[in-house]
Each structure stands twice: as C-alpha cells, then as structure tokens.
Amino acid sequence: MSPLEGLKVVELARILAGPWIGQTLADLGAEVTKVESPDGDDTRTWGPPFIEREGDKSAAYFYSANRGKKSLRADLKSPEDLQKVLDLIKDADIFIENFKVGGLAKFGLDYDSLKAVNPRLIYCSVTGFGQTGPLANLPGYDFLLQGMSGLMSVTGEPEGTPQKVGVAVTDVVTGLYGTIGIMAAVQQRHATGRGQHIDMSLLDCATALLANQNMNFLASGTSPTRMGNAHPNICPYDVFDTKDGHVILAVGNNGQFQRCCVVLGLADVAEDPRFLTNQLRVDNRNDLVKILTAATKQWHRAEFLEAMSVNNVPAGPINTIGENLESAHSQARGLVVAPQGVKGIRTPIVFSDAELAIDLTAPS
C-alpha cells in the first residue's frame, strides 16, 4: 500500500516547482491528474534530449517532473473544457496551480470560488514572489530567484562571476516545501474538516534554503561572499588536488581532523596551536589549506580515498552524474526506476511499511 492512496490531486502547474509537488504526491500514491493547455506543459519542448512514446515526443526535462500522472488537455477558454476541469476539482482533495496572482479568477478557479463548491479542498499556489508584497505580480524563474535570494552571491569562485547551482534548486526546494505544506494541511483537515489556501513563493523558499548563510548574516551583520568550494564555518571542508584528480575532504570535528593529519603524515599539524579547534582552523584557513594540499598532491586519488575511508575520515570523489547513477550503491538503493520502460529517479523515501507508487511514467 502507498501512503497517500485514495487522495485525489488536480494539477494546473507548468515547468518544475508545481509539477514537482504533483510528482512527489503521485510517487506517494495519490491519484494526480495534470491539466495541460492544448500546447502542453512548456517543458515538453525543453530539449534535446527527447523521449518518444505513444506517438508523443516530449523532452526528458518533462519526464523528470511528471512521472505517475494522468493528463487532461483542456483549453480553459472553452466552456466545455473548463467544465471538465471543474468536475475534476469538485471531489478533489488537493489542487496545485502556478498561474500569476489572480490569474485563475476569471475562470472561477481561484481559491474563494473553489472553496464554495469544495470546502475540503487544499489549494496550493506556487508563484515567484508569493500572493502578497510589492513583487507579487512579477513572473519568477529559478535562475532569477537564485540571484535575487542571495544564493548566487555565495556560489562560485571569489574572483569569478556569481554562479547558479547546476540544477533548478529553487524550483525543487519549493516543490518539497509545497509537499510538506500540503501534507500538514491534510493532517489539519482531519481535525477541522476544512481545506485551506497554501501560498508558496520561490523567493521565500530560495531564501530559506540559505540556512546557515542567513544566520551568518543575521548574527554578524556582514553578508557572506563567494568562497569557491570552501565552507564559511568549517575547515578543512574543500576540494583538494591529488596526482590524478580532485577529491573532497569534509572534516567536521577535531577527531576527524587528527585522523586526517595522521593519514597524511602530518601528525604534528594536528597538534599545531593554530589548528587545535575548528574556530582556529577557520581563522587560519589559508595556512592549513596550503599544508594539506602539499600533502594530498603526493597521493593517487583512489589510494587517498581508501585511506581516509579506513580511518573514518569523510572524503569522497567528484562523480559525474552517470558515475553516481551507475554506482553499486545507487543500484543497491534502487534509485533508478523504469516504469513503462522509461527510466527515471524515484522519490528518495524508503518506508518500512509502505511502498511508493511508481508504475507509471509521465503522461503523453
């Protein structure tokens, strides 16, 4: 049995954040119907690469966020099509949309209108900037929000150009927070019998994503800056050179640091007064990184990683996506699934007493 079996979801969402909510709910067992315009979700054209099946050619991007759903083509300007959508919503549990603020009111698909016919409906709106505030009516794409939130100000090399994360992380984290919000509203509905409106903002979620970097500013009054692969609060926590490639060293406490130094033949460095605590190591970061880099360059990558693993020091390779997905560990975890012959990545939750519903690929 899947955890959300019996819940009915209607999704009027495009691109990534809203569809990510729908896909997560579908993987958890909900029945999700995706309503698309006659032209389809924009991401169906965001290729190459493309996947061809059932006479349909849609981009792999679309398949990344729409597994497990049914699809209904509807032109909301058509009274007949609009009625089909309304009929779906009348007995739905959850409604997901990412139209501009107020954009669905003219179709009678705004929260107040739908609440009148389905008081138990949990209505989740996903926008760039939320339903309130001076920016509420502006469109928002992940790239813009990575810049506006401050995420790009702490991503990249210190002397280089600010960089976005290599995946639309603002959309994905909004999808995850949106799923959490919906599940909380479902639980509250058990007590109240009422649904509610959930207001999800990409900028809010991108801001929340900054976690300790937000607190670094709030505690000090100084905005963090780009540090490449270094960590603002921990050292050594960086990329290091070896004879034949790069490795990550992620030392989180004094014991790990001492063992790391012993492995590298630097036992004296572990006792150096400059490096006895994490705070001292952060304060003397440049000196420490130079010493460690000189040592790691004497190692072959595989030998370094093996030695660190044996001594319980967190270190790892920098894999390609293919190396990770084809690794023995990823295969053992069953991360890659292939419903209806189309490969994808399952929602990464493993239950002891439930199963994911991953029998369907994305709809044509």
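This text gives an overview of the structure that appears in the document. (Residues numbered from 1 in each chain as written. Predicted model: local features only at pLDDT ≥ 70, side-chain atom pairs only at ≥ 80, totals over all residues. Heavy atoms only, no water.)

**Some remarks on the sheet that holds strand E7 (residues 122–127)**
Across the sheet, which stays open at both edges, the 6 strands sit in the order E5-E2-E1-E6-E7-E8 with parallel pairing between neighbours. Looking along the sheet, the strands with just one partner apiece sit at the ends: strand E5 (70–73) and strand E8 (197–201). Recorded for the sheet is a direction-independent mean angle of 20° between the axes of neighbouring strands. Here E7 pairs with E8 via 5 bridges, running parallel. Residue pairing for E8: Tyr 123 is matched across the bridge by His 197. Along the sheet face, helix H6 (residues 169–192) touches strand E6 (94–97), E7 and E8 and points at about 165° away from the line of E8. (Pairing = 2+ DSSP bridges. Helix = DSSP H or I, 4+ residues; strand = E, 2+ residues; numbered from the N terminus. Axes fitted to C-alpha atoms, helices over the stretch in contact; angles between N-to-C directions. Contact = heavy atoms within 4.5 Å.)

**Overview of the sheet that holds strand E9 (residues 237–242)**
Strand pairing in a sheet takes place through backbone hydrogen bonds and is either antiparallel or parallel in direction. Read from one edge of the open sheet, 3 strands run E9-E10-E11, paired in antiparallel fashion. Both edges of this open sheet fall to E9 and strand E11 (315–317), since each of them pairs with a single strand only. Ignoring strand direction, the axes of neighbouring strands in this sheet form an average angle of 30°. Relative to strand E10 (residues 245–250), E9 runs antiparallel, the two being bridged by 6 bridges. When the sheet's bridge partners are listed, Val 239 is paired in E10 with Ile 248.

**Describing the environment of Glu 355**
Looking at the element boundaries, Glu 355 is found in the segment after strand E13 (344–345). You can call Glu 355 exposed: its relative accessible area is 54%. Each C-alpha atom of the pair Glu 355 and Pro 3 lies 7.4 Å from the other, and the pair is 352 residues apart in sequence. With residues near it in sequence (within four places) discarded, Glu 355 still touches Met 1, Ser 2 and Pro 3. (Buried < 20%, exposed > 50% of the residue type's maximum accessible area, 1.4 Å probe, protein only.)

**Brief notes about unusual backbone geometry**
One can expect most non-glycine residues to show negative phi and most peptide bonds to be in trans. Residues Pro 48 and Pro 49 are joined by a peptide bond in cis, for which omega reads 0°. Topologically, Pro 49 is positioned in the loop between strand E2 (31–36) and strand E3 (50–53). Across the junction of Cys 235 and Pro 236, the peptide omega takes the value 0°, indicating a cis bond. Take Pro 236: it is sitting in the loop between helix H8 (211–220) and E9. Its identity is not glycine, yet Asn 312 carries a phi of approximately 60°, on the positive side. Structurally, Asn 312 can be placed in the loop between helix H13 (301–310) and E11. A relative accessible area of 57% places Asn 312 in the exposed class.

**Let's talk about the packing of helix H5 (residues 142–149) against H6**
At a minimum axis distance of 7 Å, the contact between H5 and H6 shows a crossing angle of 90°. Comparing their axes, H6 and H5 come out roughly perpendicular. On the side of H5, the interface is formed by Asp 142, Leu 145 and Gln 146, while H6 contributes Val 169, Thr 170 and Asp 171. When the residues that make up the contact of H5 with H6 are grouped by side-chain class, the tally is 2 nonpolar, 2 polar and 2 charged. (Parallel < 35°, antiparallel > 145°, perpendicular 65-115°, else oblique. Nonpolar A, V, L, I, M, F, W, Y, C, P; charged D, E, K, R; others polar.)

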